[in-house]
Number of protein chains: 2
Amino acid sequence: MYTADILKQELKAAAGEQMLDLRIDNVLLVNVFTNEIYPASIGIYNQKIVSVNSSRTREAREVIDAKGAYAVPGFIDGHIHIETTLLTPEALGEVIIPWGTTTLCIDAMEIANVAGIDGLLAMVKDSEKLPFRLYMEIPSRVPTAPGLETTGGVLGVEEVTQLLKLDASVSLGELDPSKVLGMKEEYLEKILASLGQRKICNGHAIGLETDDLNIYGAGHLSDDHESVYYEELLDRLRLGIMPLVREGSSERNVERLMKGVIEHHLPTENIMFCTDDKHVNDIYEEGHISFNIQKTIDLGMDPVEAIKIATINAAKHFRLEDKIGCIAPGRYADIVLLKDLHKIKPWMVIKDGRVVADENGARPCPQKAYPEKLLDTVHISPAFSAADFRLKAEGKRAKCRIISMIPDQIINDEIQEWMEVDHGEIHADVSRDILKLSVVERYGKNGRVSTALVKGFGLKSGALASSVSHDHHNIVVVGTNDEDMAVAVKELQRLHGGFASAKDGQVVDSLALPLGGLMSLLPASEVMERMNEMNAAVEKMGCPMKAPFMSLSFISLPTVPQLGLTDYGLIDVLGHKIIDLVIETE
Amino acid sequence: MYTADILKQELKAAAGEQMLDLRIDNVLLVNVFTNEIYPASIGIYNQKIVSVNSSRTREAREVIDAKGAYAVPGFIDGHIHIETTLLTPEALGEVIIPWGTTTLCIDAMEIANVAGIDGLLAMVKDSEKLPFRLYMEIPSRVPTAPGLETTGGVLGVEEVTQLLKLDASVSLGELDPSKVLGMKEEYLEKILASLGQRKICNGHAIGLETDDLNIYGAGHLSDDHESVYYEELLDRLRLGIMPLVREGSSERNVERLMKGVIEHHLPTENIMFCTDDKHVNDIYEEGHISFNIQKTIDLGMDPVEAIKIATINAAKHFRLEDKIGCIAPGRYADIVLLKDLHKIKPWMVIKDGRVVADENGARPCPQKAYPEKLLDTVHISPAFSAADFRLKAEGKRAKCRIISMIPDQIINDEIQEWMEVDHGEIHADVSRDILKLSVVERYGKNGRVSTALVKGFGLKSGALASSVSHDHHNIVVVGTNDEDMAVAVKELQRLHGGFASAKDGQVVDSLALPLGGLMSLLPASEVMERMNEMNAAVEKMGCPMKAPFMSLSFISLPTVPQLGLTDYGLIDVLGHKIIDLVIETE
């Protein structure tokens, strides 16, 4: 706890009456308030910057000679679903820190769907030991499709209000338009709870145009990270909905948006960066928020301006400018040293006044202990068997709704096809790439299993299963036959969650994701390696997808048109209701 | 209270499902996020902007045709001592509103010194009925000189913490450097209390240079309004201490500071405006925050940028950008219509969606009822008499410390002069303009009276008394003789506070300031007129000062060097101790 006594010690250090913990000499300080770059010496005590160019603070326990490197504030990711990386925060730290990200504003809605408040609290517990700063955007819609899916956790108004009171919370997490435009009381209460804590409300204004954006803004949604076109970004900014420009693994918006910003000389003081969903190997290879900055500089923006977008702008937006986003007294000593201001490849990264990465990479960050309960979240019904996947139908053939995947998109089309009925049952039809897709409830609540048909996976044999399955995170499984599907599901039961492939009644390969059935306890390098092996095995089974398990985890989403699948059944997304798989039989 | 049901109605209005209260058509909207100016129609419902250029919001109870006028956000004063105007907030509203100020962040430290928490709560009570928005900067140092003065109210850590929790509070009020650099626990606790509420801490970094500013910044002081030179402003901004550029009645900093900002192309996104202390007649004649904007535009800044300094910048700084500072959905409908963007003379001013001023001036704002206790704060000891002003000394003459006034400054010099001792008493010496200055305790606590000598008032006869007397606000009285001094003091007792002049044993003129002994209950126009009459009478008594009662109210300040005077006695300000008036006798 921050006490007057600690503050007094910090002031003493600032006054030169107390030895500094660290002094960084000989930097070129990039000042995000004045846009200046000038030589400086930075004094650090008790995690904080206590002086910049003070003649009083000369004594330090440790001194870094920065040899004229640029000192810029640590980068801030304004919106990230950390679970997408499949890593614990500790393991993720080792990947993002070398790229200079020192603060993540996480919307951990996946763990919330699995384990509710307990899951979120476990994520933030002891987070001060991480090599980055972790703030929470409190998930606003758990479950995402109330009444249409079983989840492990539920966050009602009371739970959200409780979470918003935590110091680690900075906002109400992204509210999708249907909740706001639908004017549903539960979500309006959550908005007011956030405002009541002087915290903001993150938006998710996908596809909205002016008229709807006005309603969204009137609902106090403060930002949006779904702009794809410059005109969308402009429209949002005009209405006071601040754009987070996203560069994730699939959604790559920086080039188009920032090009527009530069060409139109749009003021950037209200623009920020985020990654939203970015896979660990992409982060490892190309960078994290550093990549957003780099692309923006490469497009022609002045580096100081681009760095401000990644630092002070987000700090102010989340009302953290007294803590992060700049190199000034009173703020946490989160500092990135760069040898070249046009190449966002950090030479050294400092968080809380400790060096967390340098030329030799990240300092190791020990895995923390998670509650047993969070490591045991997969509870398939004991009665579960391959028979649960049977699709019964009458007559000789049945006209069925099929979920038709669109490559590299999470939306899908509904198509309708005639399927043969064989002894009262519909089977997968590999020749037409129509496979079975099932969701198996995994919270031990009701043992529901529902099955539909999907086109696009390309599997010639076997099955794939995942306990990552947005946003409810039951088990989703796709396959050419019921037996392999059951084998894959049972493997996930054994592993307490993860990814698995099966063929000819045997497990082909699997990766355990025991933390909530979402995240591995392995280091980043091992997870990356194992995923490459897993994907290679799936490719051999006929699937042409680059990231088949990722595609599997999104295909059943009950909130992305046109069709979804939950343990309740096939979902008409826009109609927000359960519909029949079979339309007619003959 | 803002409820989900109210929010729902607002969303319905935004969606065109509910009739607007007001629509303002045909404006040229000045967008503080994009720096654009474009034609717009603004929809207002329940005090809030619910739409801008939405095709859905067509029905409205009232429509204003702005005929192409510019619509800019209402102006924000980031730091004002409202009591300086001698007016109640209601009366002040009629003067500032025609100039477009729709939000005041007030540091009501004067009323706090008189009446503590009760005084502050009375100021904010029913403030939603005012024609401007009133936010509180919670006074951080009441009393200002603990242990050296008697005050009516005391705000300790507990009281400040309680006040910081109010929705109307936005910050901890200005902390002078001695409290921070002195690292006094009480003030550090108050700083932490403000941070704990996600609120900021206002600074008052008068005269500080880099080394001390570093300590100040490490103490989490967020802003400062005391820059006089551009280099001071730059120094503060570099260290993350945001400058409020002040234009008060005496402190006129806009020209020098904004000239520097313009010449050096300094980014303005962290610069704000304030008035600090501005007399009502100055506001009436030249403007309020509008005057800061006007001067800045006249110095060559683009009007949109200057308007941002007066609006969104302050809104963000105080973390109110979801409520004020821009014209966007979800924000309060505080809008100024201007016919010419280069002439900051509003055509129409709207607050909460109501027209509060137009070509015909401000709409009247009814005086609210104040608690009886606040109207009865002057309690002189029943034993008080002219004899209390006697200055006893031995011998024939005495060498005395004299408070020597410096024209147009609140600082003073200590000079030492020999005074005649007549029958064991020192008298005023009109021939050398050395008069008696006394402070009379007025809270009914101890009846203390202390007397010193002052040079500079120029009175040839009579006495002046004031119950406004910074920051303790006991009665301060200056005079050529004890009898007139006593008459003036007793007149203030009769009036429950105010200003009075007396001569030849009679009251010459007086103005009642019954609200805390600080503020009049009269309308602005009457107060201005009465002050002119009062000053004219004082001029006839030989005083050459333009604002003699103002000078009187500041001369005794125990926190401004070199000498101060409180009911405890003569104060050595830098030594923070009581000292003797008489140095030697012979």
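Scoring rules and cut-offs
Residues numbered from 1 in each chain as written. Chains lettered and ligands numbered in written order. Predicted model: local features only at pLDDT ≥ 70, side-chain atom pairs only at ≥ 80, totals over all residues. Heavy atoms only, no water. Helix = DSSP H or I, 4+ residues; strand = E, 2+ residues; numbered from the N terminus. Rg over C-alpha atoms; globule rule 2.2 N^0.38 Å. Contact = heavy atoms within 4.5 Å. Areas by Shrake-Rupley, 256 points an atom, 1.4 Å probe, with all protein chains shown as cover. Pairing = 2+ DSSP bridges. Axes fitted to C-alpha atoms, helices over the stretch in contact; angles between N-to-C directions. Buried area = accessible area lost by both parts, 1.4 Å probe. Salt bridge = Lys/Arg side-chain N within 4 Å of Asp/Glu carboxyl O. Nonpolar A, V, L, I, M, F, W, Y, C, P; charged D, E, K, R; others polar. Buried < 20%, exposed > 50% of the residue type's maximum accessible area, 1.4 Å probe, protein only. UniProt positions renumbered as here; feature names shortened; annotations may be inferred. Polar contact = N/O pair within 3.5 Å; in protein donor to acceptor, adjacent residues only side chain to side chain. Least-squares fit on C-alpha atoms with pLDDT ≥ 70 in both. Parallel < 35°, antiparallel > 145°, perpendicular 65-115°, else oblique. Left-handed = near helix turned anticlockwise from the far one by under 90°. Phe/Tyr/Trp six-rings, centres within 6.5 Å; stacked < 30°, edge-to-face > 60°. Lys NZ or Arg CZ within 6 Å of the ring centre and 35° of its normal.

Each helix and strand counted, chain A has 16 helices and 31 strands in total. A globule of 586 residues ought to have a C-alpha radius of gyration of about 25 Å, and chain A, at 25 Å, matches this closely. Here the C-alpha coordinates of chain A stretch approximately 90 × 50 × 45 Å along the principal axes. Across chain A, every contact between residues at least 6 apart in sequence was considered, and the portion connecting residues at least 24 apart equals 69%. Looking at chain A as shown, the accessible area adds up to about 20,200 Å², and 48% of this sits on carbon and sulfur atoms.

Here we come to the sheet that holds strand β10 (residues 200-203) of chain A. Residues and elements named next belong to chain A. An order of β6-β7-β8-β9-β10 is seen for the five strands of this open sheet, with the pairing classed as parallel. Of all the strands in the sheet, just β6 (75-80) and β10 have a single pairing partner and so form its edges. In this sheet, adjacent strand axes meet at a mean angle of 30° when their direction is disregarded. In the sheet, strand β8 (residues 133-138) pairs with strand β9 (residues 169-175) via three bridges, with the strands oriented parallel. If you follow M136 over to β9, its bridge partner there is S169.

Moving on: the interface of chain A and chain B. Each partner contributes to the interface: chain A provides 68 residues, whereas chain B provides 68 residues. Counting the surface chain A buries against chain B, the share from its top three residues, M183(A), R198(A) and R319(A), is 13%. Applying the counting rule to chain A against chain B returns 10 salt bridges. In this structure, D212(B) and R56(A) form a salt bridge, with 2.8 Å as the shortest nitrogen-oxygen distance. Listed by contribution, the elements that provide at least two residues to the side of chain A that touches chain B are α1 (4-14), β3 (48-52), α6 (185-196), α7 (210-218) and α8 (230-238) of chain A. Broken down by class, the residue content of the side of chain A that touches chain B amounts to 30 nonpolar, 17 polar and 21 charged.

Here we take up helix α8 (residues 230-238) of chain B. Helical periodicity: at 3.6 residues per turn, an α-helix aligns residues three or four positions apart in one direction. Residue and element names in this part refer to chain B. Counted residue by residue, α8 has seven buried out of nine residues, so it is predominantly covered. Every buried residue of α8 is listed here: Y230, E232, L233, L234, D235, R236 and L237. Next to the buried residues of α8 lie α7 (210-218), β11 (223-224), β12 (242-246) and α9 (254-263). Once α8 finishes, G240 follows within two positions and takes phi at roughly 75°, a positive value.

Under the local residue numbering, the UniProt record ascribes the feature "domain: Amidohydrolase-related" (unreviewed entry) to residues 71-356 of chain A. Taken end to end, residues 71-356 of chain A is 38% helix and 19% strand, and its first and last C-alpha atoms sit 15 Å apart.

Residue and element names in this part refer to chain B. As defined by bridge partners, strand β28 (residues 563-566) adjoins strand β29 (residues 569-572) across four bridges and the pair is classed as antiparallel. Bridging from a neighbouring strand, L565 pairs with L570 of β29. In textbook terms, the turn of a hairpin is the stretch between consecutive antiparallel strands, and for β28 and β29 this stretch comprises two residues. Pairing of β29 with strand β30 (residues 577-579), which is carried by three bridges, proceeds in the antiparallel orientation. Paired with L570 across the two strands is I579, which belongs to β30. In sequence, β29 turns back onto β30 through a hairpin of four residues, with H576 there showing a positive phi of about 50°.

Let us look at unusual backbone geometry. A cis amide bond links H470(A) to the next residue, D471(A), at an omega of -20°. Along the chain, D471(A) falls in the loop between β24 (463-466) and β25 (475-479). Going from P561(A) to Q562(A), the amide bond is cis rather than trans, its omega being -5°. Of note, Q562(A) is situated in the loop between α16 (548-555) and β28 (563-566). Positioned with a positive phi, L86(A) is a non-glycine residue whose angle comes to about 65°. The phi torsion at D504(B) lies on the positive side, around 50°, for a residue other than glycine. One can find D504(B) in the loop between β26 (498-503) and β27 (506-512). Under the relative-accessibility criterion, D504(B) is labelled exposed at 64%.

On to the pairing of strand β3 (residues 48-52) of chain B. Residues and elements named next belong to chain B. Summarising burial for β3: five of the five residues are buried, a large majority. Where strand β2 (residues 37-45) lies against β3, four bridges are found, and the strand directions are antiparallel. Bridge pairing in β3 places I44 opposite I49. Counting the residues between successive antiparallel strands, the hairpin from β2 to β3 contains two residues, one of them, N46, with a positive phi of roughly 50°.

Right, let's talk about the side chain of K436(B) for a bit. Residue and element names in this part refer to chain B. Relative to the helices and strands, K436 is located in strand β22 (residues 434-440). According to the relative accessible area criterion, K436 is buried, its value standing at 2%. Polar side-chain contacts of K436 include one of 3.0 Å to the backbone oxygen of F389. Among the polar contacts made by the side chain of K436, one reaches the side chain of D482 at a distance of 2.9 Å.

After a rotation of 180° and a shift along the axis of 0.0 Å, chain A superposes on chain B with an RMSD of 0.1 Å. Between the two chains, the operation in question is that of a two-fold axis. With an isologous cut-off of 70% or more, the 100% of interface residues of chain A that recur at the interface of chain B puts this contact in the isologous class.

Let's shift gears to the packing of helix α4 (residues 157-164) of chain A against α6(A). Residue and element names in this part refer to chain A. One way to put it is that α4 packs onto α6 with a least axis distance of 9 Å and a crossing angle of 15°. Relative to α6, α4 is oriented roughly parallel. Of the two elements, α4 crosses α6, and the hand of that crossing is right-handed. Here V157, V160, T161 and L164 of α4 lie close against α6, whose contacting residues are E186, E189, K190, A193 and S194.

Another aspect to go through is the UniProt feature "domain: Adenine deaminase C-terminal" (unreviewed entry) in chain A. Mapped onto this numbering, the UniProt entry gives "domain: Adenine deaminase C-terminal" (unreviewed entry) at residues 409-573 of chain A. What you have in residues 409-573 of chain A is 24% helix and 35% strand, and the ends, taken at the C-alpha atoms, are 16 Å apart.

Overall, the coordinates contain 70 salt bridges over all chains when judged by the stated rule. One salt bridge in this structure joins D25(B) and R23(B), with 2.6 Å as the shortest N-O distance. Residue D25(B) shares its accessibility class with R23(B), and that shared class is buried. With a closest N to O distance of 3.2 Å, D358(B) and R363(B) form a salt bridge. In this structure D358(B) comes out as buried when scored by relative accessible area, which is 16%. One connected set of salt bridges, linked through shared partners, spans E247(A), R252(A), K278(A), E286(A) and K295(A).

This brings us to the environment of V477(B). All names here are of chain B. By the secondary structure assignment, V477 is in strand β25 (residues 475-479). For V477 and V440, which are 37 residues apart along the polypeptide, the C-alpha to C-alpha distance reads 8.0 Å. In this view, V477 contacts F389, K436, L437, S438, A463, L464, A465, M485, V489 and L552; residues no more than four positions away in its chain are not counted.

Another point: the packing of aromatic side chains. Counting across every chain of the model gives four aromatic pairs over all chains. Aromatic pair F499(A) and F549(A): ring centres 4.8 Å apart, planes at 20°, arrangement stacked. Pair noted here: F499(A) is in strand β26 (residues 498-503) and F549(A) is in helix α16, with a separation of 50 residues, a long-range link. You can call F499(A) buried: its relative accessible area is 1%. Residue F549(A) is classed as buried on the basis of its relative accessible area of 1%. When the ring centre of W99(A) is taken as reference, the NZ or CZ atom of K345(A) above it lies at 4.8 Å. Here the basic side chain of R397(B) rests over the ring of W418(B), its NZ or CZ set 4.2 Å away from the ring centre.

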